[in-house]
Amino acid sequence: MKILRVIPSGNPVLGMERTIPPDTQPSSCIKKLIAELEECDPSQLGDLSTAVDTGELNTLTNPPPNKRTEERRSIGFVYCGYQTEVNSDRTLYIEK
């Protein structure tokens, strides 16, 4: 992981920023990345749907035609101890 920012206390925040590929659901991308960070198989992680509505998460980055907008929206949540944010432009931030 790399330092994404420094918080007011002066401590660095370790994390990563990724773009979710167009052919990948955010929910599967998040599980895969956190499993890599934890050096485990994604199946060993808890159920993502206990941390966030995965249907809403997946719709955020691929809205139906009648719900598309230029406005950038995001969903943030904690999963397996990682602060996670997914943006409608398919940007994913994960911080420990």
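Cut-offs and rules
- Residues numbered from 1 in each chain as written.
- Predicted model: local features only at pLDDT ≥ 70, side-chain atom pairs only at ≥ 80, totals over all residues.
- Heavy atoms only, no water.
- Helix = DSSP H or I, 4+ residues; strand = E, 2+ residues; numbered from the N terminus.
- Expected span 1.5 Å × (residues − 1).
- Buried < 20%, exposed > 50% of the residue type's maximum accessible area, 1.4 Å probe, protein only.
- Core = buried A, V, L, I, M, F, W, Y, C linked by side-chain atoms within 4.5 Å.
- Contact = heavy atoms within 4.5 Å.
- Salt bridge = Lys/Arg side-chain N within 4 Å of Asp/Glu carboxyl O.
- Phe/Tyr/Trp six-rings, centres within 6.5 Å; stacked < 30°, edge-to-face > 60°.
- Lys NZ or Arg CZ within 6 Å of the ring centre and 35° of its normal.
- Disulfide = S-S within 2.5 Å.
- Polar contact = N/O pair within 3.5 Å; in protein donor to acceptor, adjacent residues only side chain to side chain.

## Re helix 1 (residues 26-38)
Now for step 1: Over its 13 residues, helix 1 extends 18 Å from the first C-alpha to the last, a length consistent with the 18 Å expected when each residue adds 1.5 Å.
Now for step 2: Within the sequence span of helix 1, burial applies to Pro 26, Ser 27, Cys 29, Ile 30, Leu 33, Ile 34 and Ala 35.
Now for step 3: Immediately beyond the C-terminal end of helix 1, within one or two residues, lies Glu 39, with a positive phi of roughly 55 degrees.

## Topic: the nonpolar core
Now for step 1: Ile 30, Leu 57, Phe 77 and Leu 92 are the most contacted members of the largest nonpolar core, which has 19 residues in total.
Now for step 2: The dominant element in this core, judged by the number of residues it contributes, is helix 1, at five residues.
Now for step 3: Look past the residues within four positions of Leu 92 in its chain and what remains in contact with it is Met 16, Glu 17, Arg 18, Ile 20, Cys 29, Ile 30, Leu 33, Thr 84, Glu 85 and Val 86.

## Focus: the environment of Tyr 79
Now for step 1: On the secondary structure map, Tyr 79 appears in strand 3 (residues 74-79).
Now for step 2: Look at Tyr 79 and you get buried, because its relative accessible area is 3%.
Now for step 3: Along the backbone, Tyr 79 and Ser 49 are 30 residues apart, and their C-alpha atoms lie at a distance of 9.6 Å.
Now for step 4: Contact partners of Tyr 79, with chain neighbours within four places excluded, come to Ile 30, Lys 31, Ile 34, Leu 45, Gly 46, Asp 47, Leu 48 and Ala 51.

## A word on unusual backbone geometry
Now for step 1: Unlike most non-glycine residues, Glu 39 shows phi in positive territory, near 55 degrees.
Now for step 2: Residue placement: Glu 39 occurs in the loop between helix 1 and helix 2 (54-60).

## Some details on the pattern of salt bridges
Now for step 1: One pass over the full model with this rule turns up one salt bridge.
Now for step 2: In this structure, Lys 96 and Glu 38 form a salt bridge, with 4.0 Å as the shortest nitrogen-oxygen distance. Of this pair, Lys 96 sits in the segment after strand 5 (91-95) while Glu 38 sits in helix 1, placing them 58 residues apart in sequence.
Now for step 3: The class of Lys 96 is exposed, set by a relative accessible area of 54%.

## Some words on the packing of aromatic side chains
Now for step 1: The full count for this structure, using the stated rule, is zero aromatic pairs.
Now for step 2: The positively charged end of Lys 96 is found above the aromatic ring belonging to Tyr 82, 4.4 Å away from the centroid.

## Observations regarding the state of the cysteines
Now for step 1: Counting across every chain of the model gives zero disulfides.
Now for step 2: The thiol of Cys 40 is not disulfide-bonded; the next cysteine sulfur, from Cys 80, is found 7.6 Å away.

## Some thoughts on the side chain of Thr 91
Now for step 1: Tracing the sequence through the fold places Thr 91 in strand 5.
Now for step 2: In this structure the side chain of Thr 91 is engaged in a polar contact, spanning 2.8 Å, whose partner is the side chain of Asp 89.
Now for step 3: Residue contacts for Thr 91: discarding those within four places in its chain leaves Glu 17, Arg 18, Glu 85 and Val 86.

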